[in-house]
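Fold and geometry: a report
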Amino acid sequence: MDLISHIPGVGPVGPFNPGATTPAPYNVPQTGAVDGTGPANATKNMAELYNRDLLWRRALIAASGLAFDPTNWIQEVTAIQTLIASVAASYINAGGTADVITGDFTPDIISLANPFTVYVRASARNATTTPTFKADATAVQTIVKAAGIPLAEGDISGAGFWMELRNDPTLGKWVLMNPATGVLPQTGFRHKLLNGDFSVNQRQVAGAQVLAAGVFAHDRWKAGAAGCSYSFATVNNVTTVTITAGSLIQTIEGKRLQSGTHVLSWGGTAQGKIAAGAYSASGVTAVVVGGTNTAVEFNVGTLILPQFEPGVNPSAFEFRPGLELYLCQRYLPPVFIGANDPIGSDYTSITPTNFNVFVKIAQETYAPITGIAYSNPGHFNVNTTPGGGVVSALSFGSAGKNGVNLQFVASAGSAGGGGYIQTNTSIAFLYFTGPEL
């Protein structure tokens, strides 16, 4: 169609002949519609109306991102559908898989020519840096963040995470506007759980664990009220815990928490809960009170990299290699284990066979140390000149939050002498009890 300067008094005469791609039922004469013959009383004013009508229709089609098709007489309808889909805030559940994501919208998204935003509830954590998204019958496009930066693993943090996806025609990609790890590095110490990766195992537990209520195995993790049975396996530095009965709990010290909403996230099939809340899938939230000890708990299923942090959107798991052990030792002070591990810096002999050893604790414990647990007295040696020998008895003397006094009995020594005590076998262990939470 072209713009015209006027319509003659009698319009063109001819058969009704719509464009070839005009769909039914609009490709045949319509009742009450102009059938191809112009009105007998047409004027120049009517030509102006015709021109204006033609221009707004062309503008509508252009705004939708569609290429003008002069053979499709109802292309404006498709343009309106496209514009509605592009400006509507569409909320759907993701289809497909963790890294090949699909979306089924109503009305269908039929064009990616213009920018628009949709909201998609993820079904799983992304495991690659190049996940894709396909909206209805549109093209498959990679999901990125910022100005085309590849995602980090876990930017889509898990099932239940609401992705805000912006179609970017310039990039030819979907932009994740709310990546869990952000665009800049995350601020450290968001993670309020300790030993969430189960890398700290000072008690050196192995194999299947069958724990009574309240008993600890891996540092900071204890059995729930009904006990806990679990096994664990580490592959590529990621530990999967499989809980087969009962529940596994960690109580977070209140001084590590500030008031506000926190989110608990994890991988695996176990369900989790915060304090007295209900069990739920990953992404459960609750308001915590700063300074108040708060427990998180997981039931039967697999558990991978649990994390508890401020906010409502989970971020990528925060690893703290090396530091994690130090943080855990506030609750389980240094453990002496294996062969040739010296205990304390030295000892003082109060009789030829009785020895006191003071063990300095590097950081103040959560609560005073109240006792010790050890493998066997014979797993320790007193080393002195002259004398020395295998320990026959050991006991807890006194302690606070910063140190412990231990008493050993051995076969030989000298009153007032000095030396040191150490383990003598690979199966030896000694650790302090009382500060666990």
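Now for a quick tour of the structure. (Residues numbered from 1 in each chain as written. Predicted model: local features only at pLDDT ≥ 70, side-chain atom pairs only at ≥ 80, totals over all residues. Heavy atoms only, no water.)

Regular strands place their side chains on alternate faces of the sheet. Alternating residues of strand 20 (residues 354-360) divide into Phe355, Val357 and Val359, all buried, and Asn354, Asn356, Phe358 and Lys360, none buried. Sheet topology places strand 20 next to strand 24 (residues 403-410); seven bridges connect them, and they run antiparallel. Bridge pairing in strand 24 links Val359 to Val404. (Buried < 20%, exposed > 50% of the residue type's maximum accessible area, 1.4 Å probe, protein only. Helix = DSSP H or I, 4+ residues; strand = E, 2+ residues; numbered from the N terminus. Pairing = 2+ DSSP bridges.)

With that settled, the discussion passes to the nonpolar core. Ranked by internal contacts, the top residues of the largest apolar core, which has 23 residues, are Tyr230, Leu248, Leu264, Phe298 and Phe308. Counting only elements with at least two residues in this core, the list comes to strand 11 (222-235), strand 12 (238-252), strand 13 (260-267), strand 15 (284-288), strand 16 (294-298) and strand 17 (301-310). Of all hydrophobic cores here, the second largest spans 20 residues; its members include Phe105, Ile109, Leu112 and Leu151. (Core = buried A, V, L, I, M, F, W, Y, C linked by side-chain atoms within 4.5 Å.)

With that out of the way, let us pick up the sheet that holds strand 21 (residues 371-374). Strands sit in the order 18-26-21 across an open sheet of three strands; the sheet is antiparallel. Each of the sheet's edge strands pairs with one partner strand only, and the pair in question is strand 18 (336-337) and strand 21.

This structure, assessed with the given rule, holds 13 aromatic pairs. An angle of 75° between the planes, with centres 6.0 Å apart, marks the rings of Tyr91 and Trp162 as edge-to-face. Taken together, the residues span a long stretch of sequence, with Tyr91 in strand 1 (residues 90-93) and Trp162 in strand 8 (residues 162-168) at a distance of 71 residues. Judged by its relative accessible area of 53%, Tyr91 falls in the exposed class. Among the residues examined, Trp162 registers a relative accessible area of 33% and is labelled partly exposed. Ring plane angle 85° and centroid distance 6.4 Å describe the contact between Phe105 and Phe133, whose orientation is recorded as edge-to-face. Pair noted here: Phe105 is in the loop between strand 3 (100-103) and strand 4 (116-121) and Phe133 is in strand 5 (residues 132-135), with a separation of 28 residues, a long-range link. Across the pair, exposure class does not vary: Phe105 and Phe133 are buried alike. Taken together, the ring pairs in this structure connect Phe105, Phe116, Phe133 and Trp174 into an aromatic cluster. When the ring centre of Tyr431 is taken as origin, the NZ or CZ atom of Arg203, which lies over that ring, is 5.5 Å away. (Phe/Tyr/Trp six-rings, centres within 6.5 Å; stacked < 30°, edge-to-face > 60°. Lys NZ or Arg CZ within 6 Å of the ring centre and 35° of its normal.)

Mapped onto the fold, Glu297 is located in strand 16. Among the polar contacts made by the side chain of Glu297, one reaches the side chain of Ser247 at a distance of 2.5 Å. In this structure, Glu297 is in contact with Gly224, Ser247, Leu248, Ile249, Gln271, Gly272, Lys273 and Tyr279, ignoring residues within four places of it in sequence. (Polar contact = N/O pair within 3.5 Å; in protein donor to acceptor, adjacent residues only side chain to side chain. Contact = heavy atoms within 4.5 Å.)

All right, on to the pattern of salt bridges then. When charged atoms on two side chains of opposite charge get close, those side chains can pair. All told, the structure shown has seven salt bridges when counted by the stated rule. A salt bridge links Glu436 to Arg203; its shortest N-O distance comes to 2.8 Å. Here the residue Glu436 occupies a position in the segment after strand 26 (429-433), and Arg203 occupies one in the loop between strand 9 (173-176) and strand 10 (209-211), the gap between them amounting to 233 residues. Residue Arg203 is classed as buried on the basis of its relative accessible area, which comes to 16%. (Salt bridge = Lys/Arg side-chain N within 4 Å of Asp/Glu carboxyl O.)

Attention now moves to the side chain of Thr239. Here Thr239 is to be found in strand 12. Polar contacts involving the side chain of Thr239 include one to the side chain of Thr234, which spans 2.6 Å. Apart from the residues within four sequence positions on either side, Thr239 is in contact with Asp197, Phe198, Phe232, Ala233, Thr234, Leu303 and Ile304.

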